[in-house]
Amino acid sequence: MTLTLNQVLGIILTVAAVVVATFLVMFLTQLRKTAREGEKTLLKAQETMDSLKAIEAKVDEGLDNLGEVLTASKRAATGLAEASFFLSTRVLRPSAKYWPFLIPLVRLGLRELKKRKEKKDG
């Protein structure tokens, strides 16, 4: 029993159709698995983005507080600068001409107080 050309071509086309159908089924199965994993990944990404939004809100709140702290620090630094300027120009410089007389007098007074305390205690 010999096969005709039409029969051989029919067998070849049947085998090719089975192979193509098999690959198509395997491809669709893999595509379905990939789609499921993609959905899981998207859900995780959405959760991560939600947590990042919460973190961003906290950081923004912290930056607002930091701005207030910086403003208060600037005010304090300005106040200290003004106070030190006042002390140096109005108090220390005018009194500097009396320091050569005041320092020895203060030392003498401290020594006398120390002697009195030693006599009182001892």
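Trainee: Tell me about the overall build of the protein, and please be specific about residues and values.
Mentor: Secondary structure summary: the protein contains 2 helices and 0 strands in total. The C-alpha atoms of the protein give a radius of gyration of 46 Å, which is well past the 14 Å a tight globule of 122 residues would have. Projecting the C-alpha coordinates of the protein onto the three principal axes gives extents of approximately 140 × 40 × 25 Å. Evaluated residue by residue, the protein yields a buried proportion of 0% over its 122 residues. By element, 68% of the accessible surface of the protein is carried by carbon and sulfur atoms, the whole surface being about 11,600 Å². Here the protein carries 20 positive and 13 negative side-chain charges, and the mean point of each set is 14 Å from the other.

Trainee: Lay out a negative patch on the surface in plain terms, naming residues and giving numbers.
Mentor: The grouping of E56, D60, E61, D64 and E68 at the surface amounts to a negative patch. Along the chain, the position of D60 falls in helix α1 (residues 5–95). Assessed through its relative accessible area of 39%, D60 is described here as partly exposed.

Trainee: Tell me about the environment of A35, and please be specific about residues and values.
Mentor: Position of A35 relative to the elements: it lies in helix α1. Taking the C-alpha atoms as reference points, A35 and A16, 19 residues apart in sequence, are found 28 Å from one another.

Trainee: An account of helix α2 (residues 99–121) is requested, with residue identities and associated values reported.
Mentor: Over its 23 residues, α2 extends 32 Å from the first C-alpha to the last, a length consistent with the 33 Å expected when each residue adds 1.5 Å. In terms of residue burial, α2 counts as a barely covered element, since only 0 of its 23 residues are buried.

Trainee: Which residues make up α1, and what values do they have?
Mentor: When the terminal C-alpha atoms of α1 are compared, their 125 Å separation across 91 residues agrees well with the 135 Å that a helix rising 1.5 Å per residue should span. The largest bend in α1 is about 35 degrees, located at S88.

Trainee: Break down the environment of R107 for me, with residues and values.
Mentor: Counting through the fold element by element, R107 comes out in helix α2. A relative accessible area of 54% places R107 in the exposed class. A sequence separation of 15 residues divides R107 from L92, and the C-alpha atoms of the two residues are 19 Å apart.

What counts as what
- Residues numbered from 1 in each chain as written.
- Predicted model: local features only at pLDDT ≥ 70, side-chain atom pairs only at ≥ 80, totals over all residues.
- Heavy atoms only, no water.
- Helix = DSSP H or I, 4+ residues; strand = E, 2+ residues; numbered from the N terminus.
- Rg over C-alpha atoms; globule rule 2.2 N^0.38 Å.
- Buried < 20%, exposed > 50% of the residue type's maximum accessible area, 1.4 Å probe, protein only.
- Areas by Shrake-Rupley, 256 points an atom, 1.4 Å probe, with all protein chains shown as cover.
- Lys, Arg positive; Asp, Glu negative; His and termini not counted.
- Charge placed at Lys NZ, Arg CZ, Asp CG, Glu CD.
- Patch = residues over 30% accessible without salt bridge, like charges linked within 9 Å, V, L, I, M, F, W, Y side chains within 5 Å.
- Salt bridge = Lys/Arg side-chain N within 4 Å of Asp/Glu carboxyl O.
- Expected span 1.5 Å × (residues − 1).
- Bend = angle between axes of the 7 residues up to and from the residue.

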